[in-house]
Amino acid sequence: MSIFDSLGNRAQQGQQGQQMNPQAMQNELGSIKADPGKYLKGHGFNIPSGMTDPKQITQHLLRTGQVGSPRLQQVMRMLGR
């Protein structure tokens, strides 16, 4: 399962597999925006300490094989970027 599958499943289901309410989703998004490296570490990804720039993190995940390029491209299309 990729990072995007994992995060997508957690965002929709919450910790206990329950559907998350809009406020919980906003809280989750706030956590991601506040410290993406810490958030990803908390979800099992290997992110070096102090790495906070989303572009750096993305390159690191691609370079280390934690995320594949096809999946990243799919997510970027979904985000309209």
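Computed from a predicted structure; not experimentally measured.

Things to note about the overall build of the protein
So, step 1. Within the protein, the secondary structure is distributed over 5 helices and 0 strands.
So, step 2. Ordered by position from the N terminus, the helices and strands of the protein form the series α-α-α-α-α.
So, step 3. Within the span of the protein, comprising 81 residues, buried residues form 25% of the whole.
So, step 4. Pairs at least 24 apart in sequence give 24% of the contacts found in the protein among residues at least 6 apart.
So, step 5. Of the roughly 5800 Å² of accessible surface on the protein, a fraction of 50% belongs to carbon and sulfur atoms.

Notes on helix α4 (residues 54–63)
So, step 1. What α4 keeps buried is the set I57, H60 and L61. Seen end-on, α4 carries its buried residues on one side only, within an arc spanning 95°. Facing away from the buried side of α4 by over 90 degrees, the exposed positions are K55 and R63.
So, step 2. Of the residues trailing α4, G65 is marked for its positive phi of about 75°.

Details of the confidence of the model for the protein
So, step 1. Of all residues in the protein, 74% attain a pLDDT of 70 or more, and the chain-wide mean is 79.
So, step 2. Confidence scores differ between elements of the protein, with helix α1 (residues 3–13) showing the lowest mean pLDDT of 56 and helix α3 (residues 36–42) the highest of 90.

Some thoughts on helix α2 (residues 22–34)
So, step 1. For α2, which comprises 13 residues, the first-to-last C-alpha distance of 18 Å matches the rise-based estimate of 18 Å (1.5 Å per residue) to within 8%.
So, step 2. N-capping of α2 is provided by N21, with a side-chain oxygen placed 3.0 Å from the backbone N of Q23.

Thoughts on the side chain of H43
So, step 1. The residue H43 is located in the loop between α3 and α4 in this model.
So, step 2. Take H43: its relative accessible area is 14%, and that puts it in the buried class.
So, step 3. For H43, the side chain forms a polar contact with the main-chain oxygen of Y39, separated by 2.8 Å.

About the cut-offs
- Residues numbered from 1 in each chain as written.
- Predicted model: local features only at pLDDT ≥ 70, side-chain atom pairs only at ≥ 80, totals over all residues.
- Heavy atoms only, no water.
- Helix = DSSP H or I, 4+ residues; strand = E, 2+ residues; numbered from the N terminus.
- Buried < 20%, exposed > 50% of the residue type's maximum accessible area, 1.4 Å probe, protein only.
- Contact = heavy atoms within 4.5 Å.
- Areas by Shrake-Rupley, 256 points an atom, 1.4 Å probe, with all protein chains shown as cover.
- Arc of directions from axis to C-beta.
- pLDDT = per-residue confidence, 0-100.
- Expected span 1.5 Å × (residues − 1).
- Polar contact = N/O pair within 3.5 Å; in protein donor to acceptor, adjacent residues only side chain to side chain.

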